[in-house]
Amino acid sequence: MPSFIPAKSKNVIVNGHFGEFIQGKLGVTGPLVLVTIPSRFYKVQVTYRKGSFGVVQNGTSFYDRSVVSELAKLANVRLKGRITICLSMPEACGLGSSTATRVGILRAISPSISVNSIVSICLKHERALDPIMYKSPERLLWAPREGKIVEKLPRLPEISCIGGLFGSPLKTNPLDNNFPIIKDLVDKWKQKNMTDKNFAEICAESSERTIRIKKLHDDPTRQIAKEIGALGFSIAHTGNARNFIFPNESIPSNAEKILSSYGFKNVHRFSLGSNL
């Protein structure tokens with residue numbers, strides 16, 4: 001079994017995500033698929049230093065010596081160092097913390113590990129995963145429970161977004177199959193030259209279907225979208241992240257204040273699309 005012993009330290013930073021633009025089933029018996037929202041706001045940092053094996057956790061308590069040892073065994077790596085894990089995101093909110101942490105650990109202890117190996121190990125270890133180990137994950141139609149790219153998608157239109165966390169955390173259940181069928185929305189997504197308005201409408205419809213099927217009757221996301229003048233919105237389909245979509249660089253100046261009045265936390269802005 002090979003081992004990687006860092007000369008000083010190996011530091012890895014992995015971005016999380018901010019829920020999904022769309023998520024659901026491709027058909028009655030079809031796979032669960034999603035298009036993720038990449039995030040530079042939420043991150044995991046894993047540092048591997050030379051020394052006796054140990055694990056230090058900051059912002060989490062789920063990745064102790066036994067968990068790290070399991071991942072190392074799956075990666076066929078002998079651990080000969082001290083691992084520090086720092087989460088700059090809350091857990092169980094639909095932000096990809098579980099996948100991001102596992103990706104960070106694997107890349108820290110095995111710098112040459114392939115993306116395919118990371119996907120395979122994460123799938124075995126958590127049974128469902130986000131595609132955050134890929135470049136431009138928002139351009140992938142992803143099957144999280146199979147760890148497969150179903151299809152590559154066109155670039156997003158230029159958009160600006162603002163969002164945050166609403167309500168209590170909601171841990172992802174990898175066995176939950178209560179999702180709407182979204183094949184029609186996926187077909188619309190694949191059309192070339194999609195406008196920001198069309199894009200936002202597709203995202204909002206996917207979110208609305210999930211809100212209905214999950215019976216989230218008190219969810220105020222659509223009402224807030226109208227109040228702040230958003231083109232549409234998206235949600236973490238298995239979490240409490242909420243995102244509002246605008247034409248590029250057109251978020252109103254009072255948007256943060258409005259979201260805060262509804263109890264949103266961790267409110268932030270970001271832009272996506274085109275060459276961003």
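Residues numbered from 1 in each chain as written. Predicted model: local features only at pLDDT ≥ 70, side-chain atom pairs only at ≥ 80, totals over all residues. Heavy atoms only, no water.

Caption draft 1: Spotlight on the packing of helix α1 (residues 65-74) against helix α3 (residues 115-126). Two numbers describe how α1 lies on α3: the axes approach to 10 Å, and their chain directions differ by 135°. On the basis of their axis angle, the class for α1 and α3 is oblique. In this structure, the crossing between α1 and α3 has a hand that is right-handed. In contact with V67, E70, L71 and L74 of α1, α3 contributes I121, K124 and H125. Within the contact of α1 with α3, the residues separate by chemical class into four nonpolar, one polar and two charged. (Axes fitted to C-alpha atoms, helices over the stretch in contact; angles between N-to-C directions. Helix = DSSP H or I, 4+ residues; strand = E, 2+ residues; numbered from the N terminus. Parallel < 35°, antiparallel > 145°, perpendicular 65-115°, else oblique. Left-handed = near helix turned anticlockwise from the far one by under 90°. Contact = heavy atoms within 4.5 Å. Nonpolar A, V, L, I, M, F, W, Y, C, P; charged D, E, K, R; others polar.)

Caption draft 2: Seen up close, α1. Here α1 has its buried residues at V67, V68, L71 and A72. Seen along its axis, α1 keeps its buried residues to an arc of 135°; they face one direction. The elements touched by buried residues of α1 are β3 (54-58), β4 (81-88), α2 (97-109) and α3. Directly after α1, the chain includes N76, whose backbone phi takes a positive value near 60°. (Buried < 20%, exposed > 50% of the residue type's maximum accessible area, 1.4 Å probe, protein only. Arc of directions from axis to C-beta.)

Caption draft 3: A look at unusual backbone geometry. Positive phi, close to 50°, is recorded for S136, a residue that is not glycine. Counting through the fold element by element, S136 comes out in the loop between α3 and β5 (140-143). Even without being glycine, E249 reaches a positive phi, approximately 55°. Topologically, E249 is positioned in the loop between β9 (241-247) and α7 (255-261).

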